[in-house]
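The residues making up each chain are set out below.
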Amino acid sequence: MFAEARIVAAKDLRLEWRSRVTTTQVVPFAVLTLVLFAFAIDPSRGVLGRVAPGLFWVAVLLSTTLAANRAHAVETDAGTRDMLRLSGLEPRAVFAGKAAAIVVQLLGLEIVLAAGTVVLYNVQLATPALLLSAALPATVALGAAGATYGALAASVRVRETLLPLLLLPVLAPVLIAATSATEAAIDSTPEAGWGWAGLLVVLALLYAGAGAGIYGVLLEDQ
Amino acid sequence: MAPAVRFHQAVALLGRFPALAGVDLDVAAGQIVLLRGPNGAGKTTLLRASAGLVPITSGSLEVLGHDLVTDPRSVRRRVGYAGTGAGLYDDLTVAGNVTFWTRAAGVAAEAGAEAMAHLEVDGRLADVAVAQLSTGQRKRALLAALVARRPELWLLDEPHAGLDEAGRDLVDELLRRAAAAGATVLFASHELDRAAGVATREVTIVGGIVVDDHPPEGNPAAAAVHRPAKTPYRSAEVPVVR
């Protein structure tokens, strides 16, 4: 299964690399979100620094909807869904490949956004290990849920508007846990953050397991 | 020897519409069957059902010895389907597309290179993004991805459309070679003169049922391998869907 997932992930990443959608649309969108918040919130009262973790993850969350939509739009637009079903690839492998490709894109995005957050919001990171331990499972959870709900919305004509409606409520626990863990990583209170990081691992496993379990049905249903 | 494809009283619904309304059709291995009929007759649905892409809601369908009613995924790796949709990733090159589908099917990379050379989309064209190809070149690239998989059952929807004369000849040659190698071919076409020249059997579908089944006119060699459908003129019992 892993070999097949690697084939799918490599194809999706090659598609993104050649189309440049992530670098020219998703990343600028996320950075713009951060910049607009920086303008909207009064920095003199220290509010900006306090809400920085939440704004960071909201920007990642919104970008996830774009990446998830794109991951399945390429199949719909290219008319390749039938060929994908006929390819003999295991649906679980297709799911894992698509989720992995989304995760790689989101990790790249998070690096850019983290740099932007430090510059725009003037935050200092006290416990980088905690942030990494939270960000990785959070991103896997986002990628897994994005791949699942992207497939669910793929066959619907209004998928661009439907997908955020379906996806964002499901990702609310990830937003809360990731924000809390990031706050702890910034505030030098790591003991408060490790529990949230553990919860993110559970959420990542839950979303990945559920996605792998139902993706075949979603692929057949399209 | 069991037929490569056997429809018996097969009904397939698209939404609530019976696109196949009780099809009976046996296709022996090695046959090249032209599906003809007006738009909306059920030709594409029959092809997609044969690939396990459309469920059969009543009746039976066996393909390459597998019951597709109970397990529609069972034959997919052995079937090649080229629909009227694009089927290729615009942002990938021809080689990128063929390589992906070849690897996905678990076929050796050499098969992809051979298929691209055979369809004449190798060399300079191999590194061109599909979005920049002409319609005919795209069709050739799609067929290359199909040929590389070496399917046992070929299911083609309008395979000649968009191709120039040389491309059409190439398609005909591909179909003949596949059948000669033991593969079975079902294809739908509205270009009847061209299609009848390569088919060994013509099956006409109207309203989701087979209404005629005979060797193509002007192709006497086809009569030798022709095997008619079991009940070619049977009235369909169109299911009432509420």
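Scroll up to find the structure.
Residues numbered from 1 in each chain as written. Chains lettered and ligands numbered in written order. Predicted model: local features only at pLDDT ≥ 70, side-chain atom pairs only at ≥ 80, totals over all residues.

Undergrad: So, the overall build of chain A: which residues are in play, and what are the values?
TA: Counting its secondary structure elements, chain A contains eight helices and zero strands. In chain A, the order of α-helices and β-strands from amino to carboxyl end is α-α-α-α-α-α-α-α. For 222 residues, the compact-globule estimate of 2.2 N^0.38 gives 17 Å, and chain A sits close to it at 18 Å. Once the C-alpha set of chain A is aligned to its principal axes, its extents read approximately 60 × 30 × 25 Å. By residue count, 50% of the 222 residues in chain A fall in the buried class. Relative to all contacts within chain A whose residues are 6 or more apart in sequence, the contacts with residues 24 or more apart total 84%. (Helix = DSSP H or I, 4+ residues; strand = E, 2+ residues; numbered from the N terminus. Rg over C-alpha atoms; globule rule 2.2 N^0.38 Å. Buried ≥ 20, exposed ≤ 12 C-beta atoms within 10 Å, placed from the backbone. Contact = placed C-beta atoms within 7 Å.)

Undergrad: Can you break down the interface of chain A and chain B residue by residue, with the values?
TA: Where interface size is given, it is often the accessible area lost as the parts come together that is meant. With 17 residues of chain A at the interface, the matching set in chain B holds 22 residues. Taken together, the elements giving at least two residues each to the side of chain A that touches chain B come down to helix 1 (2-19), helix 3 (47-78) and helix 4 (81-86) of chain A. If one sorts the elements of the side of chain A that touches chain B by residue count, helix 1 of chain A sits on top with six residues. Class assignment of the residues belonging to the side of chain A that touches chain B gives a composition of seven nonpolar, five polar and five charged. (Nonpolar A, V, L, I, M, F, W, Y, C, P; charged D, E, K, R; others polar.)

Undergrad: Which residues make up the nonpolar core, and what values go with them?
TA: Core analysis: the biggest nonpolar cluster contains 152 residues, and V60, A134, A141, A181 and L200 of chain A together with A144 and V185 of chain B have the highest contact counts within it. With 16 residues, the top contributor of residues to this core is helix 6 (residues 128-154) of chain A. Filtering out sequence-adjacent residues up to four positions away, A141 of chain A remains in contact with V174, L200, L203, A204 and Y207 of chain A. (Core = buried A, V, L, I, M, F, W, Y, C linked by C-beta atoms within 7 Å.)

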